Amino acid sequence: MTARASAGPLAAIAAPAWIDRWLAACHDLAELERSNPMTDAVIEEIDGRMIRVGDQWLADFASCNYLGFDLEREIIDAVPAYLEKWGTHPSWSRLLGSPVLYTQIEDRLSELLGAEDTLVLPTITLIHMSVIPVLAGSGTIYVESRAHKTIYEGCQLAGARGATVKRFQFEDADDLERLLKEGGPTPRLICIDGVNSMTGNAVDLAEFARLARAYEALLYVDDAHGFGVIGERSDDELSPFGNRGNGIVRYAGDTYDHVLLVAGLSKAYSSLAAFLTCPPELKRLLKTAAPPYLYSGPSPIASLATVLAGLDVNDKRGDAVRAGLWRRTAAVLDHLDRLGVHTPNRSGFPIIEVPLAHHEDIDAVGRFLFDNGIYVTLAAYPLVPRSEVGFRIQVTAANTDAEIEQLTDALGRLVTRFDLQPARTSERAA
Ligand SMILES: Cc1ncc(COP(=O)(O)O)c(C=O)c1O
């Protein structure tokens, strides 16, 4: 079957060549979407971190609600009062007017992060698509080869508007420096992930920030998976994730000099919103230069409410929640070690990818885990290179010990049925 034929209704329109190429690249994923119960599922009910798909109850290890704030009673109970006061949805674009809740969130985020100021927009995707082109202008973007797909979308748009886009090797500061030394149009923008969404590891932020400062570039960091989970280090921290969950810059003990942090509230804070750190003059510029501020619908009131209530809970007991998350994640990583199974996770952070020895097994492995009551993210090609096709476990603070045990039992059975990649020398840091 050709990619065009598999496009169904798309066959009726004159699809441009890039659609054919894209659909061909996504062929493996499209097959899973059609046939595997672990993708595109309809979740009919939840009970804590258990989910029901059809008749099957599964322990959910695919959620990014790392802190379990989606189920936190204090946060849920806070919402109705905000709805009473503000209705369900502001429905002004932000340039027209923003409920004061936005100002409160931006002030509190700035304080938490230790940044001069922040700007809240609905999603990280919208931030990448609108802010990267503004920052890059007709200069040069240096993008890490495995940066998140949404960063690439922003870079492509910037490219269409006159920026030059260069790609450097994953986690390779030397390769970046080689490109920086080549020169090229300014301004210079370096785009990377903070905690990588597939490996679960943190970038060497201090080294990339040093290069940004040395070459008069701006380091643009997408910390969707780090914010809320990792934060500033201290001698009295309750876990190796650090304190306060204030993101990778503080975790690395660095500053926002030549560094711009982007993160979402839709993962750790379980709310539809996202933000970037920015000095006041950049914030002013973005209010008229970033289209989502002018034209897009805002976050629903319930999401603004859950951000504010989530920040309260984070202040009160966030570090204890993170300590529980660290303990649960460590239990899974230790079990993989005992099974002799490889994961790229060296950090101890709660994203654990398990690559298969044979990428063709992905469909059967997904079914096996589903039948054993475990819901994970299937990492098919092209989401990861073929050598890393497998599944991604995300641990959250709301997963119970019983669910962790259910997962480790299922992994024990899985290794008797399928070949996973053998463990390499343990590099785990945390
Ligand atoms: C690293 C990273 N960046 C960006 C996004 C997209 O975030 P949003 O849903 O806020 O657009 C994701 C979503 O999974 C992500 O993992």
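Because the structure is a prediction, the values reported are computed rather than measured.

A. Up close: the sheet that holds strand S11 (residues 351-355). Spatial ordering of the open sheet is given by S11-S14-S13, a layout of three strands whose pairing is antiparallel. Each edge of the open sheet carries a strand with a single partner, namely S11 and strand S13 (377-379). Within this sheet the neighbouring strands show an average axis-to-axis angle of 25 degrees, counted without direction. By the bridge criterion, three bridges tie S13 to strand S14 (residues 390-394) in an arrangement that is antiparallel. Of the residues in S14, the one forming a bridge with alanine 379 is glycine 390.

B. Inspection of the pattern of salt bridges at higher detail. Counting across every chain of the model gives 27 salt bridges. As a salt-bridge pair, arginine 178 and aspartate 175 come within 2.8 Å of each other at their nearest N and O atoms. Of this pair, arginine 178 and aspartate 175 both sit in helix H8 (residues 173-181), separated by three residues, roughly a single helical turn. Of the residues examined, arginine 178 reaches a relative accessible area of 44% and is grouped as partly exposed.

C. Spotlight on the packing of aromatic side chains. One pass over the structure, following the stated rule, counts seven aromatic pairs. A centroid spacing of 5.5 Å and a plane angle of 85 degrees characterise the contact between phenylalanine 69 and tyrosine 269, whose relative ring orientation is edge-to-face. Here phenylalanine 69, found in the loop between strand S3 (56-60) and helix H4 (73-86), pairs with tyrosine 269, found in the loop between strand S9 (259-264) and strand S10 (274-277); they are 200 residues apart in sequence, far enough to count as distant. The class of phenylalanine 69 is buried, set by a relative accessible area of 2%. Residue tyrosine 269 is classed as buried on the basis of its relative accessible area, which comes to 1%. With a centroid separation of 5.6 Å and an interplanar angle of 70 degrees, the aromatic rings of phenylalanine 241 and phenylalanine 349 are classed as edge-to-face. Separated by 108 residues along the polypeptide, phenylalanine 241 in the loop between strand S8 (217-222) and helix H10 (248-251) and phenylalanine 349 in the loop between helix H13 (301-339) and S11 bring together distant segments of the chain. Given the relative accessible area of 2%, phenylalanine 349 is considered buried. By the ring-pair criterion, three or more aromatic residues cluster together here, those being Phe69, Phe227, Tyr269 and Phe275. Cation over ring: arginine 386 sits above tyrosine 381, and NZ or CZ is 3.9 Å from the ring centre.

D. Representation of the layout of surface pockets within the structure. Size it by volume and the largest pocket reaches roughly 1,300 Å³. Around the largest pocket, the lining comprises 43 residues; the ones closest to its centre are Ala147, His148, Lys149, Thr150 and Tyr152. Those elements that provide at least two residues to the lining of the largest pocket are helix H2 (17-25), helix H6 (124-136), helix H7 (149-160) and S13. Among the elements that take part in the lining of the largest pocket, H7 stands out by supplying five residues, more than any other. Partitioning the lining of the largest pocket into residue classes produces 22 nonpolar, 12 polar and nine charged.

What counts as what
Residues numbered from 1 in each chain as written. Predicted model: local features only at pLDDT ≥ 70, side-chain atom pairs only at ≥ 80, totals over all residues. Heavy atoms only, no water. Pairing = 2+ DSSP bridges. Helix = DSSP H or I, 4+ residues; strand = E, 2+ residues; numbered from the N terminus. Axes fitted to C-alpha atoms, helices over the stretch in contact; angles between N-to-C directions. Salt bridge = Lys/Arg side-chain N within 4 Å of Asp/Glu carboxyl O. Buried < 20%, exposed > 50% of the residue type's maximum accessible area, 1.4 Å probe, protein only. Phe/Tyr/Trp six-rings, centres within 6.5 Å; stacked < 30°, edge-to-face > 60°. Lys NZ or Arg CZ within 6 Å of the ring centre and 35° of its normal. 1 Å grid on protein atoms, 1.4 Å probe; cavity = no way out; pocket = protein on both sides within 12 Å on 5 of 7 lines; lining within 4 Å. Points joined across faces, edges and corners; volume = space filled by probe spheres on them. Nonpolar A, V, L, I, M, F, W, Y, C, P; charged D, E, K, R; others polar.

Read these as layout, nothing more, since geometry by itself doesn't imply function.
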